[in-house]
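Structural overview
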Amino acid sequence: MEEAMEMEVEHPIPNSIKRFGLKNSIQTNFGDDYVFQIVPKDDWTSMAVSLSTNSVKLYSPMTGQYQGECKGHSDTINQIAFSVSSAPHVLHSCSSDGTIRAWDTRIFRQVSCMSAGYSQEIFSFSFGGSSDNLLAAGSKSQVLRFEFVFFSIEILFWDWRTEKQVAFLEESHVEDITQVHFVPGHRNKLLSASVDGLMCMFNTDGDINDDDHLESVINVGTSIGKVGFFGDNYQKLWCLTHIESLSIWDWKDERNESNIPEARSLASDSWALDHVDYFIDCHYPGEGESLWAIGGTNGGALGYFPVNYREGTIGSPEAILGGGHTGVVRSVLPMSSMNGGPAQSRGIFGWTGGEDGRLCCWSSNNSIEVNRAWISEALVMRSSKSRKKNRRHPY
């Protein structure tokens, strides 16, 4: 172990804002490699971390202890998730290598692989369907015809139990599909979002096809980066774009509830730290209509900014995480019990990962004594091929 330098922000912070202390940090790799995404296992005994080395590493979210690594993808991993409740130890990952792979995290071995085909990239996936048997994925394929290159944008469907492809949709989007999500509480509804600025809602009951199953289309007007659901019965939909704007929609009524095109400026004006350069995610605690936009600076500071979508405003951050990262943060995993995390988290607020290759654990108590960092010798693995990816276009 080695002592970390304490990096305190000199700007005054209002008393109403909670400042979280850095408990420890893990250097996952060295060189230009960095963290893409952090996701938890349902029982919180593990968290999976996708890296720019095209691998996934697993750690204990309670202690930070390294558990093992899943390797097999040959290109960028675009999403990971513990997705099937009947097999909680199975982790899925999708990649620009055109595959969705399943890993048994007890032995760190691949147990299945579904392929979208030659020259295909998969950017997002989701499990759902009325019988919970569907695996949907957003993809793009490159086709060469008569010396011209054509791109086919598709939503692919497999029955994950048999690993057989059962349907595809190819007429709804004209550019990369960045997100697919089955709607919580409405397992037959699938939402897709794309660089073409459209969000499409499909009914996945029966024999899925373009003509009969597209229910609605919402035009955001600019390239969509990330979407999610919140509110009563998950009827509200938040949308973050690649130009860092935020909008809120009622997906059932296809109604725009709020547009906040200057979200970064509003967030920046609400605190005394550096300008907010990007949004990582939105956080919904699981009840009511509370929503936070999680913004960050290029220097690695983070803020949880409350969103008042009815008034179209973003308030002063209710939490600040500073002094852990030295670059852009890619992923945030909240852990406090009020956010659905484990009650035994022992004062851990959550974990973050970024382009500095670090995983940072944040303490929800006020003790500065927990400000320590450590590096595991088991993780000293330099990638033979490092590739920088644009944060706004990770696919």
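The structure under discussion appears in the preceding block.
Residues numbered from 1 in each chain as written. Predicted model: local features only at pLDDT ≥ 70, side-chain atom pairs only at ≥ 80, totals over all residues. Heavy atoms only, no water.

**Details of the pattern of salt bridges**
Tallied over the full model, the rule gives 15 salt bridges. In this structure, the salt-bridge partner of D176 is K140, at a minimum N-O distance of 3.7 Å. Of this pair, D176 sits in the loop between strand 13 (164-169) and strand 14 (177-183) while K140 is found in strand 11 (residues 134-145), placing the two residues 36 residues apart along the sequence. In this structure, D176 and K140 share a single accessibility class: buried. With a closest N to O distance of 3.8 Å, D250 and K236 form a salt bridge. Of this pair, D250 sits in strand 20 (residues 246-250) while K236 sits in strand 19 (residues 236-241), placing them 14 residues apart in sequence. (Salt bridge = Lys/Arg side-chain N within 4 Å of Asp/Glu carboxyl O. Helix = DSSP H or I, 4+ residues; strand = E, 2+ residues; numbered from the N terminus. Buried < 20%, exposed > 50% of the residue type's maximum accessible area, 1.4 Å probe, protein only.)

**Notes on the sheet that holds strand 17 (residues 214-219)**
Taking strand neighbours across the sheet as the criterion, the four strands line up as 14-15-16-17 in an open arrangement whose pairing is antiparallel. Each edge of the open sheet carries a strand with a single partner, namely strand 14 and strand 17. Between one strand axis and the next, the sheet turns through 15° on average, direction left out of account. When strand 15 (residues 186-194) meets strand 16 (residues 198-203), the two strands line up antiparallel, connected through five bridges. (Pairing = 2+ DSSP bridges. Axes fitted to C-alpha atoms, helices over the stretch in contact; angles between N-to-C directions.)

**Quick word on the sheet that holds strand 7 (residues 90-95)**
Within the open sheet, the four strands sit side by side as 6-7-8-9. Their pairing is antiparallel. The open sheet is flanked by strand 6 (77-81) and strand 9 (109-115), the only strands paired with a single partner. Averaged over neighbouring strand pairs, the angle between their axes works out to 20° when direction is ignored. As judged from the five bridges shared by strand 7 and strand 8 (residues 99-104), these two strands associate in the antiparallel manner. Opposite H92, over in strand 8, you have A102 as the bridge partner.

**Focus on the state of the cysteines**
Under the defined criterion, the tally for this structure stands at zero disulfides. Here C361 is not disulfide-linked; the sulfur of C360 is the nearest cysteine sulfur, at 8.9 Å. (Disulfide = S-S within 2.5 Å.)

**Thoughts on the nonpolar core**
Within the largest apolar cluster, 21 residues are counted, with the highest numbers of intra-cluster contacts made by W238, L246, F279 and L291. Looking at this core, the elements with two or more residues in it are strand 19, strand 20, helix 2 (263-269), strand 22 (278-283) and strand 24 (302-308). Here L246 is in contact with W238, C239, L240, S258, N259, I260, A263, C282 and V307, once residues within four sequence places are set aside. (Core = buried A, V, L, I, M, F, W, Y, C linked by side-chain atoms within 4.5 Å. Contact = heavy atoms within 4.5 Å.)

**So, the pairing of strand 28 (residues 348-354)**
Within strand 28, seven of the seven residues are buried, which leaves it mostly tucked inside the rest of the structure. Between strand 28 and strand 29 (residues 358-363), which pair antiparallel one after the other, the connecting turn spans three residues, and G357 there sits at a positive phi close to 80°.

**Brief notes about the environment of S268**
Counting through the fold element by element, S268 comes out in helix 2. Measuring from C-alpha to C-alpha, the distance between S268 and G303 comes to 9.9 Å, with 35 residues separating the pair along the chain. In this structure the side chain of S268 is engaged in a polar contact, spanning 3.4 Å, whose partner is the side chain of H275. (Polar contact = N/O pair within 3.5 Å; in protein donor to acceptor, adjacent residues only side chain to side chain.)

**Some words on unusual backbone geometry**
Although it is not a glycine, N54 adopts a positive phi angle of roughly 65°. With respect to the helices, strands and loops of the structure, N54 is situated in the loop between strand 3 (47-51) and strand 4 (55-59). Although it is not a glycine, D132 sits at a positive phi angle of roughly 55°. Assignment of secondary structure puts D132 in the loop between strand 10 (120-128) and strand 11. On the basis of relative accessibility, which here comes to 40%, the residue D132 falls in the partly exposed class.

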